[in-house]
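# Remarks on the overall topology
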Amino acid sequence: MSTERPKYDPSSIEPKWQARWEQEKTFEARRHPGRPKAYILDMFPYPSGSGLHVGHPEGYTATDIVARYQRMRGVDVLHPMGWDSFGLPAEQHAIETGTHPAQTTAKNIATFKRQLKSLGFSYDWSRELATTDEAYVRWTQWIFLKLFQRGLAYQAELPVNWCPALGTVLANEEVIDGKSERGGHPVVRLPLRQWTLRITAYADRLAQELQGLDWPETKEKQVHWIGRSEGAEVDFALEGRGEKLRIFTTRPDTLFGATYMVIAPEHPLLESLVTPEHRQKVLAYRDSVVSKSDMDRTALTKTKTGEFTGAYALHPISGARLPIWVADFVLGSYGTGAIMSVPAHDERDFEFARAFGLPVVEVVSPDGQLHDTASWTEAVTADGVAVRSGFLDGQRTPDAKATMISHLEQKGLGTRRVQYRLRDWVFSRQRYWGEPIPVYFPVELPAGSTDPRKHPHTVRYDQPIAVAESELPVRLPELEDFKPSDDPAGPLSRALDWRFFQKDGKWFARETNTMPQWAGSCWYYLRFIDPHNTQAAFSKEAYDAWMPVDLYVGGSEHAVLHLLYARFWHKVLFDCGVVSHPEPFGKLVHQGMILGENNEKMSKSRGNVVNPDEVVQRHGADSLRVYEMFMGPLEAVKPWQTQGVTGVRRFLDRAWNTLAFVREEPGAAEAPLDEESLRLLHKTVKKVGEDIEALRLNTAVSALMILTNRLADIPRVPLETARTFALLLSPFAPHLAEELWERLGATKSLAYEPWPSYDPALTVDDVVEMGVQVNGKMRSKVKLRRDATEADVRAAIANDPNVLAHTQGKTEKKFVYVPGRIINLVVG
RNA sequence: GCCGCGGUAGCCCAACCUGGUAGAGGCGCUGCGUUCAGAACGCAGAGGUUGCGGGUUCGACUCCCGCCCGCGGUACCA
């Protein structure tokens with residue numbers, strides 16, 4: 001063949017087209033009146049120091065394909081990218097090297113941006129933003145003030161995991177066996193003033209408004225996380241005391257089966273109710289538990305532990321004396337931190353009762369008969385009929401619950417109550433590299449003190465004052481030293497000139513806690529619609545033009561936290577009238593993780609990390625993109641196969657060799673396409689379009705491969721066919737497609753070229769081969785027109801020896817003929 | 001334990017939604033062509049009791065029931 005022809009060379013084609021797109025601002029999002037819009041969003045990355053890994057381009061390629069496809073269909077597309085750039089690693093790096101986190105962050109962003117650009121994604125880079133930008137922080141703080149003004153941001157004393165050696169507060173996951181995961185330093189549980197967001201006020205809406213969303217199983221995860229349970233709060237009198245012990249139960253119908261009470265080790269009444277003779281043991285037990293993190297408490301305690309306090313509660317109806325125990329399986333942070341124990345009908349209570357020899361009384365019976373619990377090996381938790389329960393006797397469980405609650409409410413002994421597993425969101429971090437919380441407090445100076453930076457003073461944390469909107473953003477102070485101190489107030493407390501200021505002759509102190517990394521990602525999708533607005537977070541026009549997000553793709557590790565937090569903020573903004581949809585993300589897809597070649601999670605320590613830069617260098621961005629889509633279903637977890645990339649590279653090579661020179665062939669413009677190839681072409685146009693819309697990108701690639709193989713086989717490819725192919729390929733391998741498009745005679749980018757259409761009549765074959773079964777077993781095949789009649793079929797198979805061999809001497813019982821599908825002779 | 005997803009050729013995966021000839025595509029393997037030889041390329045080919053057991057049906061990878069295995073999430077939330 002003509003050896004003069006250039007080979008497919010992605011290393012020259014790809015930079016050429018990337019430069020062209022950038023220069024011509026091809027992908028700047030513009031809204032045209034009357035056109036449909038699509039807001040196609042990736043979860044923006046945290047720009048880590050190690051750069052992009054092959055997992056990033058998976059979701060990004062999928063959205064890019066959809067974005068490019070939609071543009072070709074005449075849809076206005078918003079497809080932005082930015083950086084979730086606050087975060088611990090940059091701060092940790094600062095502590096170790098003294099490099100300012102802003103510097104590290106800028107450097108990492110530059111690397112990420114270069115890598116993403118090398119993959120040819122069609123982002124509108126003019127909308128790039130970073131959560132660390134002051135212009136962005138300003139509006140993050142503005143939203144915080146909205147929460148604060150609505151009473152949804154409040155301060156509370158909460159126990160945290162404080163590690164004095166590291167000088168930091170640790171997440172539960174970072175504490176193992178009472179020691180820090182990193183370094184093994186002791187960790188103490190310490191109550192600390194924290195900003196908290198009242199997400200529980202939105203619990204029901206967050207659960208219910210999931211219903212209309214096109215989301216995967218993530219919806220169930222969120223519902224479970226929110227964990228609504230309905231029940232009652234009941235007050236138990238304490239023997240010999242004025243106070244009551246309030247408990248929460250979902251089974252008020254089992255009240256008569258309560259044989260003892262259990263309170264959490266952190267219960268406020270514990271100290272005062274424990275009797276002198278039990279005091280020592282109870283307090284020792286409490287101390288042993290309280291120092292543990294929640295994780296350890298729940299993970300390590302398979303067998304129940306606890307102590308009797310010596311105190312008794314009185315049953316609100318029967319007046320029976322119920323011993324009060326303390327045990328760590330009762331959590332201080334859920335419900336009221338106290339329970340009534342009904343061992344016959346609750347697994348945990350049953351276990352505890354057996355461990356400590358407490359009585360088990362049956363009050364719910366499957367058959368209404370009375371049973372002896374002595375031989376029971378487990379609790380009966382199913383619904384049944386109330387027994388040994390006075391006025392409830394004979395009632396089914398649901399009725400008994402309702403009856404008991406009304407009774408309690410009537411007598412003033414308890415109330416109906418809905419309880420959530422979801423807790424309010426601890427929103428402050430004792431860190432430097434985060435958004436300052438835009439709040440300050442009055443400072444009181446005792447006589448003789450004039451300057452809180454030098455003299456003793458009291459900060460009135462109980463009187464928080466919102467920073468005026470006009471003064472936003474509150475910027476981070478410059479620090480030389482990012483090291484934590486032994487003060488849990490965090491590094492900002494050392495920036496005295498920043499922290500303390502005077503106004504109208506009075507001293508005030510700024511909040512020294514910062515926001516968690518989640519804050520910035522809670523609303524970035526809103527800033528993308530109007531990223532340069534200096535008057536507002538975004539304009540109403542921009543909102544109406546682009547919102548809501550039509551497709552949101554990102555990892556399922558964010559299924560609960562990020563996606564719940566963002567929805568929460570959105571709903572608050574909805575209530576403020578700032579946004580006009582109750583939900584921000586219409587359709588959500590989680591891409592599956594890409595494993596290493598050895599089928600294990602990619603990690604440096606396993607030595608199985610694939611670097612996308614190397615793949616791009618070797619085979620080009622188009623090969624990487626197409627391979628990642630071809631690996632398997634987008635949502636599936638799948639292993640990397642280096643040989644697979646080679647296979648895709650061969651496909652692109654073949655496409656190049658088959659199509660790049662079509663125009664130079666004499667007579668290409670008039671060359672006819674044989675009927676079978678024509679049908680395949682139309683089938684492919686149909687399938688690729690449908691597959692993109694359903695995000696079945698693996699099978700779309702496969703369809704393109706089939707078409708390529710066919711075109712490579714026919715003697716001459718017509719120019720129009722080659723042009724159609726380039727358009728079909730372009731969302732997947734945009735650089736190669738643009739290059740082909742140009743070689744086939746175009747002078748401008750194909751980015752807005754109309755997506756090819758197809759003739760439905762050509763997408764079905766009129767002659768099909770059908771299987772012929774006898775009694776359901778395949779015996780032969782026959783080629784017939786799709787619209788063949790039963791008589792045609794009978795004629796066609798009448799003399800088929802393979803069929804006759806199995807029907808000879810038998811009588812036909814049934815003749816099944818599904819046109820285009822199957823023929824089945826049932827004989828006997 | 002509970003919830004979710006999955007199990008098809010040596011490997012990655014189609015076909016399952018909507019039952020109808022088990023195979024689209026890629027990798028690997030075998031043979032042939034090409035080559036001094038290899039790589040690349042081209043052509044041809046082999047390879048499966050669809051995790052197991054039962055049910056429904058003329059017909060089950062597909063639908064239903066029960067189990068086994070793998071992965072992810074969650075874990076004493078009263």
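Source: prediction; values computed, not measured.

## Some points on the overall build of chain A
Scanning chain A from N- to C-terminus turns up 26 helices and 30 strands. Along the three orthogonal principal directions, the C-alpha set of chain A runs to about 105 × 85 × 50 Å. Looking at chain A alone, contacts between residues at least 24 apart form 71% of all its contacts between residues at least 6 apart. With 99 positive and 107 negative side-chain charges, chain A shows a spacing of 1 Å between the two charge centroids.

## Section: the nonpolar core
Grouped together as the largest cluster of nonpolar side chains are 177 residues, with contacts concentrated most on Phe-144, Phe-568, Trp-569, Trp-640, Leu-729 and Phe-732. For this core, the leading source of residues is helix 5 (residues 134-149), giving nine residues. Apart from residues lying up to four places away in sequence, Phe-568 is in contact with Leu-147, Leu-197, Arg-198, Ile-199, Tyr-202, Leu-206 and Trp-425. Formed by 51 residues, the second largest nonpolar core is a distinct cluster that contains Val-262, Leu-269, Leu-273 and Ala-327.

## A short note on the side chain of Arg-649
Turning to its location among the elements, Arg-649 is positioned in helix 20 (residues 642-659). For Arg-649, a relative accessible area of 15% translates into the label buried. Excluding anything up to four places from it in sequence, Arg-649 contacts Tyr-8, Pro-10, Arg-618, His-619 and Ser-623.

## With respect to the sheet that holds strand 7 (residues 188-197)
Backbone-to-backbone hydrogen bonds join strands into a sheet, with any given pair of strands oriented parallel or antiparallel. Pairing is antiparallel in the open sheet, where four strands are placed in the order 4-3-7-17. At either margin of the open sheet sits one strand with a lone partner, and together these are strand 4 (168-170) and strand 17 (425-426). Here three bridges tie strand 3 (residues 153-163) to strand 4, and the two strands are oriented antiparallel to one another. Residue pairing across strands places Asn-161 opposite Leu-170, the latter belonging to strand 4. Docked against the sheet, helix 5 engages strand 3 and strand 7, running at close to 95° with respect to strand 7.

## What to know about the UniProt feature "binding site: ATP" (unreviewed entry) in chain A
Here the UniProt feature "binding site: ATP" (unreviewed entry) sits at Lys-604. Assignment of secondary structure puts Lys-604 in the loop between strand 25 (594-595) and helix 18 (612-619). In contact with Lys-604, not counting residues within four places along its chain, are Ser-50 and Val-609.

## Quick notes on the sheet that holds strand 29 (residues 812-818)
The four strands are arranged 28-27-30-29 in an open sheet whose pairing can be described as mixed. Each end of this open sheet is capped by a strand with a single partner; those strands are strand 28 (777-785) and strand 29. On average, each strand axis in the sheet is inclined to that of its neighbour by 20°, with strand direction left out of account. Here strand 29 runs beside strand 30 (residues 822-827); their pairing, made up of six bridges, is antiparallel. Across the sheet, residue Tyr-817 finds its bridge partner in strand 30, namely Ile-823. Set on the sheet, helix 25 (residues 790-797) makes contact with strand 27 (767-774), strand 28, strand 29 and strand 30; between it and strand 29 the angle comes to about 115°.

## Side note on the protein's contact with RNA strand B
Ser-229, Lys-304, Arg-348, Ile-706 and Glu-769 are the nearest of the 49 residues found near RNA strand B. Sugar plus phosphate, as a fraction of atoms of RNA strand B within 4 Å of the protein: 64%. The backbone of Leu-331 places a nitrogen or oxygen atom 2.6 Å from a base nitrogen of RNA strand B. A distance of 3.3 Å separates a base oxygen of RNA strand B from a polar side-chain atom of Lys-781. Of all the elements, helix 22 (residues 697-713) adds the most residues to the surface near RNA strand B, at seven residues.

## Looking at the pattern of salt bridges
Summed over all chains, the structure comprises 55 salt bridges. Between Glu-742 and Lys-16 there is a salt bridge; the shortest N-O distance is 2.7 Å. A residue pair is termed long-range when its members are at least 10 positions apart, and Glu-742 in helix 24 (residues 734-743) and Lys-16 in helix 1 (residues 10-23) qualify at 726 residues. Judged by its relative accessible area of 25%, Glu-742 falls in the partly exposed class.

## A word on the packing of helix 18 against helix 19 (residues 621-630)
Between helix 18 and helix 19, the least distance of the axes is 7 Å, while the angle of their chain directions is 115°. Contacts from Pro-612, Val-615, Val-616 and His-619 in helix 18 reach Ala-621, Ser-623 and Leu-624 in helix 19. Looking at the contact of helix 18 with helix 19 residue by residue, the classes come out as five nonpolar, two polar and no charged.

## Focus on the packing of aromatic side chains
Within the structure shown, the criterion is met by 43 aromatic pairs. An aromatic cluster is built from Phe-144, Phe-148, Trp-195, Tyr-202, Trp-425, Phe-427, Trp-518, Tyr-565, Phe-568 and Trp-569, whose rings are joined through pairwise contacts. Here Arg-20 stacks its cationic end above the ring of Trp-17, 4.5 Å away from the centre of that ring. Lying across the ring of Phe-329, Lys-304 places its NZ or CZ 5.1 Å from the centre.

## Some thoughts on helix 20
Side chains of residues three or four places apart in an α-helix project in the same direction, reflecting 3.6 residues per turn. With 18 residues, helix 20 should cover 26 Å at 1.5 Å per step; its first-to-last C-alpha distance of 26 Å lies within 8% of that length. Restricting attention to buried positions, one finds in helix 20 the residues Gly-644, Val-645, Val-648, Arg-649, Phe-651, Leu-652, Ala-655, Trp-656, Thr-658 and Leu-659. Turning to helix 20, the residues buried within the fold contact helix 1, helix 18, helix 19, helix 22, helix 23 (719-729) and helix 24.

## Some details on unusual backbone geometry
Most peptide bonds adopt trans geometry, and most residues besides glycine take a negative phi value. Looking along the chain, the bond that leaves Leu-472 and enters Pro-473 is cis, with omega of 0°. Mapping Pro-473 onto the fold places it in the loop between strand 20 (465-466) and helix 13 (496-499). Looking along the chain, the bond that leaves Met-547 and enters Pro-548 is cis, with omega of -5°. Position of Pro-548 among the secondary structure elements: in the loop between helix 16 (540-546) and strand 23 (549-553). In this structure, Asp-504 takes a positive phi of about 50° despite not being glycine. Here Asp-504 lies in the loop between strand 21 (500-503) and strand 22 (506-510). Using a relative accessible area of 76% as the deciding quantity, one classes Asp-504 as exposed. Phi is positive for Asn-599, which is not a glycine, with a value near 70°.

## Quick notes on the pairing of strand 3
The pairing of strand 3 with strand 7 spans 10 bridges and is antiparallel. Considered in strand 7, the bridge of Asn-161 is made with Arg-189. Connecting strand 3 to the antiparallel partner strand 4 that follows it, the hairpin turn spans four residues, and Gly-167 within it adopts a positive phi of roughly 65°.

## Side note on the state of the cysteines
Evaluation of the coordinates by the stated rule reveals zero disulfides. Considering cysteine sulfurs only, Cys-576 is the nearest to Cys-522, which forms no disulfide, with 14 Å between them. When its relative accessible area of 24% is taken as the criterion, Cys-576 is described as partly exposed.

## Some thoughts on the environment of Ala-621
Relative to the helices and strands, Ala-621 is located in helix 19. Among the residues examined, Ala-621 registers a relative accessible area of 0% and is labelled buried. Measuring from C-alpha to C-alpha, the distance between Ala-621 and Ala-733 comes to 8.0 Å, with 112 residues separating the pair along the chain. Other than its neighbours up to four places away in sequence, Ala-621 contacts Glu-14, Ser-118, Leu-119, Val-616 and His-735.

Cut-off values and rules
- Residues numbered from 1 in each chain as written.
- Chains lettered and ligands numbered in written order.
- Predicted model: local features only at pLDDT ≥ 70, side-chain atom pairs only at ≥ 80, totals over all residues.
- Heavy atoms only, no water.
- Helix = DSSP H or I, 4+ residues; strand = E, 2+ residues; numbered from the N terminus.
- Contact = heavy atoms within 4.5 Å.
- Lys, Arg positive; Asp, Glu negative; His and termini not counted.
- Charge placed at Lys NZ, Arg CZ, Asp CG, Glu CD.
- Core = buried A, V, L, I, M, F, W, Y, C linked by side-chain atoms within 4.5 Å.
- Buried < 20%, exposed > 50% of the residue type's maximum accessible area, 1.4 Å probe, protein only.
- Pairing = 2+ DSSP bridges.
- Axes fitted to C-alpha atoms, helices over the stretch in contact; angles between N-to-C directions.
- UniProt positions renumbered as here; feature names shortened; annotations may be inferred.
- Near = heavy atom within 4 Å.
- Polar contact = N/O pair within 3.5 Å; in protein donor to acceptor, adjacent residues only side chain to side chain.
- Salt bridge = Lys/Arg side-chain N within 4 Å of Asp/Glu carboxyl O.
- Nonpolar A, V, L, I, M, F, W, Y, C, P; charged D, E, K, R; others polar.
- Phe/Tyr/Trp six-rings, centres within 6.5 Å; stacked < 30°, edge-to-face > 60°.
- Lys NZ or Arg CZ within 6 Å of the ring centre and 35° of its normal.
- Expected span 1.5 Å × (residues − 1).
- Disulfide = S-S within 2.5 Å.

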